[in-house]
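Tertiary structure, described
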Amino acid sequence: MKKLLTGNEAVALGAYEAGVHFAAAYPGTPSTEILENIAKYEEIISEWSPNEKVAFEAALGASIAGARSLAAMKHVGLNVAADPLFTTGYTGVNGGMVLVVADDPGLHSSQNEQDNRYYAKHAKIAMLEPSNSQEAKDMVKIAFEISEKFDTLVMLRMTTRVCHSKSLVEPGERKELPLKPYVKDLTKYYVAPAVAKQLHVKVEERLKKLEDFSNETDLNYIEWNDRKIGVISSGVAYEYAREVFGQKASYLKLGFTHPLPGKKIREFAEKVEKLYVIEELEPYMEEYVRALGFDCTGKDKIPNIWELNPEIIASSLFEEETPTIQYDKSLVANRPPTLCAGCPHRGFFYGLSKRKNVMITGDIGCYTLGGADPLRAMDTTICMGASISVGHGAKKVFDRYKKDMRVVSVIGDSTFFHTGINSLLDVVYNKSNTITCILDNRVTGMTGHQDHPGTGYTLAGEETEMISIPDLVRALGIKHVRTVNPLKLDQLKEAFDWAFALDEASVIISKYPCVLKKWSKFDREEFEPLEGKCEVDVEKCIGCKMCVNTGCPALQFVKEDKKVKVDPVQCVGCELCMQVCPTEAIYKVGD
Amino acid sequence: MTDTKSILLVGVGGQGTILAGNILSTALLEAGYDVKVSEIHGMSQRGGSVSTQIRYGKKVHSPVIGRGQADILIAFEAMEALRYLEFLKPEGKVVVNDYKIPSAPILMGKADYPENVIEILKEKASTSVIDAAKIAQELGNMKVMNVVLLGALAKAMDLTDIDWEGVIRNTVKKEFIDINIEAFKRGRDKLALAEA
């Protein structure tokens, strides 16, 4: 019986059926659910890694040891894992190894919309691109066969709409495979310069074989219809193209997109009158088609920014607008994502927003919202881990040139484990007086509550060593460390006063569980839960908006009577509003 | 385009749009349609605007639609209907919950909730209004508001060969089966009255 699965669920099922032994990832939208679903299969060793480089290398180690292995990450995660990626392009594998990468056209949840297909070309590895969930599952299995047959890493390139769209999938059985024998082979995995020099020769030979395969495989197929129009497409863009052209065009559908099938493209392009190349983001295929000497329509008309859909393709190619209902869209108020009611980050950013002459370098997570209205307590957010190192560089310059500026670097617990540790080492080693604030909400929040080295649990739910952040930062050489509860504004203020007065680098750990987290045994032992609800005494409320300016979604300023009201459904009783109210108009009930 | 129908389900993070989408897509699947569903996860969950696209027909290619391509727009929150109205075909139908959730700028007094949303919708498109919160309250559980709306949507879709009750029975937790089936029926019947 066919099942309706997301692309991510289908990848997990494919990994299971392919007999995968080992899988690792760091969570990142839109790739997170791949490992969450793989972890449901006891046959597969499944791990959250501290970052994508570690996940990739762990999967490579498993492959060298003889296992079928998989690493999954979002597009920008591959930037972190790029170092082992390129060398694995040289070494090849022992057990099959598949790298699943999820791009995010449209930046639904990312800081850029890089097109990772160029990574496959750059690292000289094979690449597959599924268009829907069935293909995602099938291609994972084929990817392992290709990996083992050609001794290459295979990249499965997904996009948000493939990862998070559901379509029908026919499930199959798992094929249990023995590990391949482990053989020590210095000419393959010991990539010293002399070895690498010879490996590069092999890489080029392998690419030729892969190109022959690309021309032969059914993953790249032609569907002949009317030959007036020919469409070359891949990934979810193929589904959009089918929607736009239907039976009125012939298609060269590419599922194996590195190396591209030169012969097959030539055969197709020569037989159609007008050639279109339809792809999301960059002109990866179009550049190749043009290099083969064929004229085509592609990025001259179809945008290379943001995601596509059938309507965008049709309107950009044919320059005719789809009829829509006309109305005044300016009437609609924005509905931006906000920190939840009771979010511990709110107290932290409220406290921080009161400081003057401060540059706040932020990082990637829910707490990035601390930079948005109304708190606006963040100056930069670049990439995972950058808060601490960007802050370090800025502070060194401010100090050398006598600028009266303090720097506060803000990073989450999971992000600190990901890539913050090296940066904090830099702060100590190169002596910048920055204040690093680690917002420890006891979970990887934004991606939907995954465990990390500080939570005390593994992906499989087993108890493990809980890494102590204070001990870790002290081991890195930080002498001044304090832990505060960010929902207690006086504690927080005192900690800021203390840190701002120091003439050496310090760390403040702002520690309270994410309001949406299901508390673990360890959380229950350590923290007092929030209880009761806040209410407003309308007699005392002067309508000053101090409380609504914390950005709590449970508070509403009612314009008609110039008073604030509390939504009892959303309020969790964190008492932040009570602490900022100048007239003590907010009180607690039910605790 | 082909015989494929497109439903755009919109609301605010936390309103249960995902469960409603799951019931709907399962029901369509069991009725023998090819189905594709697209959702956006991630940052939009934090109180932001959310949307689910459901497409069904003999053979569905694209999981997503663009502007002017939805046959039915079902909005769990009134202002969200207005936000996504441009995705509706001019001859398409709107089913809107008469329910307001102020967004962050409105809560802070920096923006206003638009006036006369329902009137604007009615003027611009074939619109059915349902007070799903009231029905859910009468049933004693605000959480079934999403299934009330699903019932209304089912009526608007006008598909006769679907075993909605069976799907609800298999999708929701055992202790909530009865109340959800009742919620579905109330939503369906309410819309029938509204359309009559």
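Residues numbered from 1 in each chain as written. Chains lettered and ligands numbered in written order. Predicted model: local features only at pLDDT ≥ 70, side-chain atom pairs only at ≥ 80, totals over all residues. Heavy atoms only, no water.

**Description of the nonpolar core**
All names here are of chain A. In plain terms, the rule: In these notes, a set of buried Ala, Val, Leu, Ile, Met, Phe, Trp, Tyr and Cys residues joined through side-chain atoms within 4.5 Å is what counts as a nonpolar core. Burial classes follow relative accessibility: with a 1.4 Å probe on protein chains only, a residue under 20% of its type's maximum area counts as buried, one over 50% as exposed, and anything between as partly exposed. Per the convention used, a helix needs a DSSP run of H or I reaching at least four residues, while a strand needs a run of E reaching at least two, with both numbered from the N terminus. For the domains described, the bounds stem from an automatic or database domain assignment. Only heavy atoms matter for contacts: two residues are in contact if any of them lie within 4.5 Å across the pair.
Grouped together as the largest cluster of nonpolar side chains are 63 residues, with contacts concentrated most on Phe348, Phe349, Val410, Phe416, Leu424 and Val473. Looking at this core element by element, the count peaks at six residues for helix 19 (residues 489–501). Looking at this core, you find at least three residues from each of domain 3 (344–526) and domain 4 (533–589). Not counting the four nearest positions on each side in its chain, Phe349 is found in contact with Tyr367, Gly370, Leu375, Ala377, Met378, Val410 and Leu439. By size, the runner-up hydrophobic cluster in this structure holds 59 residues, among which are Ala12, Leu13, Val20 and Ala241.

**Overview of the pairing of strand 16 (residues 406–412) of chain A**
Residues and elements named next belong to chain A. Spelled out, the test is: Following DSSP output, two strands are said to pair if at least two bridges run between them. With the strands pointing away from the viewer, any crossover whose connection runs clockwise from the first strand over the helix to the second is right-handed.
Among the seven residues that make up strand 16, seven are buried, leaving the element largely enclosed by the rest of the structure. In terms of strand pairing, strand 16 meets strand 17 (residues 435–440) through five bridges, oriented parallel. What sits directly across from Ile411, in strand 17, is Ile438. At this point the chain moves from strand 16, through helix 17 (residues 413–429), to the parallel strand 17, and the crossover so formed is right-handed.

**A short note on the layout of surface pockets**
So the rule is basically this: Here a cavity is any set of points on a 1 Å grid over the protein atoms alone where a 1.4 Å probe fits but cannot get out, and a pocket is any open set with protein on both sides within 12 Å along at least 5 of 7 lines; a residue lines the site when it has an atom within 4 Å of a point. Grid points are joined across faces, edges and corners, and a volume is the space filled by probe spheres set on the points. Residue type decides the class: Asp, Glu, Lys and Arg count as charged, Ala, Val, Leu, Ile, Met, Phe, Trp, Tyr, Cys and Pro as nonpolar, and the leftover types, Gly among them, as polar.
Taken as a whole, the second largest pocket holds about 980 Å³ of empty space. Forming the boundary of the second largest pocket are 32 residues, of which His108, Arg161 and Glu307 of chain A together with Tyr84 and Phe87 of chain B lie nearest the centre. Sorting the residues of the lining of the second largest pocket by element identifies helix 14 (310–318) of chain A together with strand 3 (49–57) and helix 2 (78–84) of chain B as the ones contributing at least two each. Looking at the lining of the second largest pocket, the element that brings in the most residues is strand 3 of chain B, giving four residues. Considering only residue class, the lining of the second largest pocket consists of 16 nonpolar, eight polar and eight charged. Of the residues that make up the lining of the second largest pocket, three or more belong to each of domain 1 (3–216) and domain 2 (220–318) of chain A.

**Description of the interface of chain B and chain A**
For clarity, the threshold we go by: Two parts placed together each lose some accessible area; with a 1.4 Å probe, that loss summed over both constitutes the buried area. Basic side-chain nitrogens of Lys or Arg form a salt bridge, by our definition, when they fall within 4 Å of a carboxyl oxygen of Asp or Glu. Any pair of N or O atoms that falls within 3.5 Å is considered a polar contact. Within protein, one atom must be able to donate a hydrogen and the other to accept it, and sequence-neighbouring residues count only if both atoms are side-chain atoms.
The interface of chain B with chain A comprises 58 residues on the first partner and 51 residues on the second. With both chains or domains summed, chain B and chain A bury close to 5,000 Å², and 58% of this area falls on carbon and sulfur atoms. If you look at where chain B meets chain A, you find eight salt bridges. Between the two partners, chain B and chain A, sit 23 residue pairs in polar contact (both at pLDDT 80 or more). Where the side of chain B that touches chain A is concerned, the elements lending two or more residues are helix 1 (17–30), strand 2 (34–39), strand 3, helix 2, strand 5 (88–97), helix 3 (104–107) and helix 4 (117–124) of chain B.

**Points about the environment of Ile467 of chain A**
Residue and element names in this part refer to chain A. Among the structural elements, Ile467 can be located in the loop between strand 17 and helix 18 (469–475). Sequence separation between Ile467 and Phe417 is 50 residues, and the spatial gap between their C-alpha atoms is 9.5 Å. The residues touching Ile467, leaving out its near neighbours within four places in the chain, are Phe417, Pro453, Gly454 and Leu472.

**Let's talk about the pairing of strand 3 of chain B**
Residues and elements named next belong to chain B. In terms of residue burial, strand 3 counts as a mostly covered element, since nine of its nine residues are buried. Judged by which residues are buried, strand 3 turns out to be covered on both faces: Ser49, Ser51, Gln53, Arg55 and Gly57 on one side and Val50, Thr52, Ile54 and Tyr56 on the other are all buried. With eight bridges connecting them, strand 1 (residues 5–12) and strand 3 associate as antiparallel partners. Following the sheet pairing, Val10 is matched in strand 3 by Ser51.

**Brief notes about the domain arrangement of chain A**
Note on interface size: it is often stated as the accessible area lost on association of the parts. Domain assignment breaks chain A into domain 1 (3–216), domain 2 (220–318), domain 3 (344–526) and domain 4 (533–589). The straight-line distance from the C-alpha centre of domain 1 of chain A to that of domain 4 of chain A is 50 Å.

**Quick look at the pattern of salt bridges**
Residue and element names in this part refer to chain A. Across all of its chains, the model carries 45 salt bridges over all chains by this definition. Note that Asp115 and Arg117 form a salt bridge whose closest N and O atoms lie 2.8 Å from each other. The buried category is assigned to Asp115, whose relative accessible area is 8%. A salt bridge links Arg376 to Asp373; its shortest N-O distance comes to 3.1 Å. On the accessibility criterion, Asp373 (48% relative accessible area) is partly exposed. Through salt bridges with shared partners, a single network forms among Asp103, Asp115, Arg117, Glu129, Arg157 and Glu279.

**Focus on the environment of Ile232 of chain A**
All names here are of chain A. Within the secondary structure, Ile232 sits in strand 10 (residues 229–234). Each C-alpha atom of the pair Ile232 and Leu254 lies 7.4 Å from the other, and the pair is 22 residues apart in sequence. Beyond its immediate chain neighbours, meaning those up to four positions away, Ile232 contacts Leu252, Leu254, Ile265, Phe268, Leu275, Tyr276, Val277, Ile278, Met285 and Val289.

**What about the sheet that holds strand 6 (residues 126–130) of chain B?**
This is how the line gets drawn: A fitted line through C-alpha atoms serves as each axis, taken over the contacting stretch for helices, and the angle formed by two N-to-C directions is quoted from 0 to 180°.
One open sheet accounts for eight strands, arranged 1(A)-8(A)-2(B)-3(B)-1(B)-4(B)-5(B)-6(B); its pairing is mixed. The open sheet is flanked by strand 1 (3–6) of chain A together with strand 6 of chain B, the only strands paired with a single partner. Adjacent strand axes in the sheet meet at a mean angle of 20° when their direction is disregarded. Here four bridges tie strand 1 of chain A to strand 8 (residues 165–169) of chain A, and the two strands are oriented antiparallel to one another. Bridge pairing in strand 8 of chain A places Leu5 of chain A opposite Ser167 of chain A. Each of strand 1 and strand 8 of chain A together with strand 1, strand 2 and strand 3 of chain B touches helix 1 of chain B; the most contacted strand, strand 3 of chain B, lies at about 0° to it. Those strands touched by helix 4 of chain B are strand 5 and strand 6 of chain B, and its axis lies near 150° from that of strand 6 of chain B.

**Topic: the sheet that holds strand 13 (residues 274–278) of chain A**
Residues and elements named next belong to chain A. Here four strands make up an open sheet; going across it, the order is 9-11-10-13 and the pairing mixed. Every other strand in the sheet has two partners, leaving strand 9 (220–223) and strand 13 as the edge strands with one partner each. Averaged over neighbouring strand pairs, the angle between their axes works out to 15° when direction is ignored. Here strand 10 pairs with strand 13 via five bridges, running parallel. When the bridges of strand 13 are listed, Val231 appears paired with Tyr276.

**A look at helix 1 (residues 7–17) of chain A**
Helical periodicity: at 3.6 residues per turn, an α-helix aligns residues three or four positions apart in one direction. All names here are of chain A. In terms of burial, helix 1 is a largely internal element, ten of the eleven residues being buried. Along helix 1, the residues that are buried comprise Gly7, Asn8, Ala10, Val11, Ala12, Leu13, Gly14, Ala15, Tyr16 and Glu17. Positive phi appears at Gly19, one or two residues downstream of helix 1, with a value of about 80°.

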